[in-house]
Every structure is written in structure tokens, then in C-alpha cells.
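# Fold and geometry: a report
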Amino acid sequence: MGAKGTGTADEIEALLGDYDAIHVCRGDKIKNRKDRFGVERSLHPYLDSDTRPEFILRRIKKYKLAYSSNYSRILDPLIENNYQLFIAERLIMMGAKTLIKTFKEDETSLSLTDDPKKNTKSWQIPAYTLDEEGR
């Protein structure tokens, strides 16, 4: 990807201006299983509810969202595979004024969930969103 990818990220950053970024990682972490009593358990009990789009939108109402589809005219001619898209995304996130990650990595980092990033092997009952609780 090299200079081509850096140029892609720079062009998108210029269009965004002063921006904040949120990185959401959930697919490879959301794993539930039933215990011996048939109760659903998860290693990351708040991850599902904390990273659902509707929950995130409630928390960031004041922000304007930008999706990769908004930048197709820049991305499509240059991005040939998922790795190149991943690198462009990383470069854009690194240029953000504020970066909110999925998991809290240290005391100063901002995160969507307080669930630990590392697998603690502690299976817990998953938390539910406000919609699922009937609120």
C-alpha cells in the first residue's frame, strides 16, 4: 500500500478536518455459550450492548458520522484488498483528535466498554441493551 495508502488517508483526513474517531471491534470477541444450567454466558458481558449501533448513537448524538461509503470516490480506485482498507483506516484513526477504542487499554484511554480486552476466562451473564430490558 505504501505511499498510495498514506495519500488516501491524508485525503480523507483533509475532508474530515478536525475529527474524532471510534474503533468498534466486536465480531471476534462476542462469543456466548450456555453453562451446565442452560444460562447464556459471555467472556465480555457488556461488549454486545455497548457496541451496538443504536447504543453508540445514543451516546454520541452530537457527532456527525462518517462511513467509508462516504469516501468511495477516494477509496475505490486505490484500495485493492481488505488489508489496504485496514491500513487506511488505521492511519485515519491515528490522525484523530480523540480516539475511542472498543476496550479500555489503560487508565487514560477512552473506550466504549469497560470489559477487559484480554480474555479473563471468566464467563458471565451478558448485559442487555435498554431496548431488550423494555425501558
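One can find the structure itself at the top, above this paragraph.
Model, not experiment: these values are computed from the prediction.

Another point: the overall build of the chain. The number of helices and strands found in the chain is 5 helices and 5 strands. The order of helices and strands in the chain, counted from the N terminus, is α-β-β-β-α-α-α-α-β-β. For the chain, with 135 residues in total, the buried portion stands at 30%. The long-range share in the chain, meaning contacts at least 24 apart out of those at least 6 apart in sequence, stands at 70%.

A cluster of nonpolar side chains, contributed by Leu-57, Tyr-63, Leu-65 and Tyr-67, occupies part of the molecular surface with about 390 Å² of accessible area. You can see Leu-65 is positioned in the loop between helix H3 (53-59) and helix H4 (72-78). The exposure class assigned to Leu-65 is partly exposed, which follows from its relative accessible area of 33%.

Right, let's get into the nonpolar core. If you look at the biggest cluster of nonpolar residues, it comprises 12 residues: Ala-9, Ile-12, Tyr-19, Ala-21, Tyr-71, Ile-74, Leu-75, Ile-79, Ala-88, Ile-92, Met-93 and Ala-96. When residues of this core are traced back to their parent elements, those giving at least two are helix H1 (2-16), H4 and helix H5 (82-94). Residue contributions to this core peak at 3 residues, all from H5.

As a further point, take the side chain of Glu-13. Considering the arrangement of structural elements, one finds Glu-13 in helix H1. Setting aside anything within four residues of it in sequence, one finds Glu-13 in contact with Tyr-19, Leu-91, Ile-92 and Gly-95.

Let us look at the environment of Glu-40. Following the sequence through the fold, Glu-40 ends up in strand E3 (residues 40-42). In sequence terms Glu-40 and Ile-125 are 85 residues apart; their C-alpha atoms lie 6.1 Å from each other.

Positionally, Leu-47 belongs in helix H2 (residues 47-50). The spatial distance from the C-alpha of Leu-47 to the C-alpha of Lys-29 is 8.1 Å, given a sequence separation of 18 residues.

The subject of this paragraph is the sheet that holds strand E5 (residues 110-113). Pairing is parallel in the open sheet, where 3 strands are placed in the order E1-E4-E5. Each edge of the sheet is formed by a strand with only one pairing partner; in this case those strands are strand E1 (20-22) and E5. Across the sheet, the mean angle separating the axes of adjacent strands is 25° when strand polarity is ignored. Strand direction decides the pairing type here: E1 and strand E4 (residues 98-103), joined by 3 bridges, are parallel. In the sheet register, Asp-20 faces E4, and the bridge partner there is Thr-98.

Here we take up the pattern of salt bridges. One pass over the full model with this rule turns up 4 salt bridges. The closest approach of N and O atoms between Asp-18 and Lys-97, which form a salt bridge, is 3.8 Å. Taken together, the positions of Asp-18 in the loop between H1 and E1 and Lys-97 in the loop between H5 and E4 put the pair 79 residues apart, joining distant regions of the chain. Across the salt bridge formed by Asp-35 and Arg-41, the nearest N and O atoms sit 3.0 Å from each other.

Cut-offs and rules
Residues numbered from 1 in each chain as written. Predicted model: local features only at pLDDT ≥ 70, side-chain atom pairs only at ≥ 80, totals over all residues. Heavy atoms only, no water. Helix = DSSP H or I, 4+ residues; strand = E, 2+ residues; numbered from the N terminus. Buried < 20%, exposed > 50% of the residue type's maximum accessible area, 1.4 Å probe, protein only. Contact = heavy atoms within 4.5 Å. Patch = residues over 30% accessible without salt bridge, like charges linked within 9 Å, V, L, I, M, F, W, Y side chains within 5 Å. Areas by Shrake-Rupley, 256 points an atom, 1.4 Å probe, with all protein chains shown as cover. Salt bridge = Lys/Arg side-chain N within 4 Å of Asp/Glu carboxyl O. Core = buried A, V, L, I, M, F, W, Y, C linked by side-chain atoms within 4.5 Å. Pairing = 2+ DSSP bridges. Axes fitted to C-alpha atoms, helices over the stretch in contact; angles between N-to-C directions.

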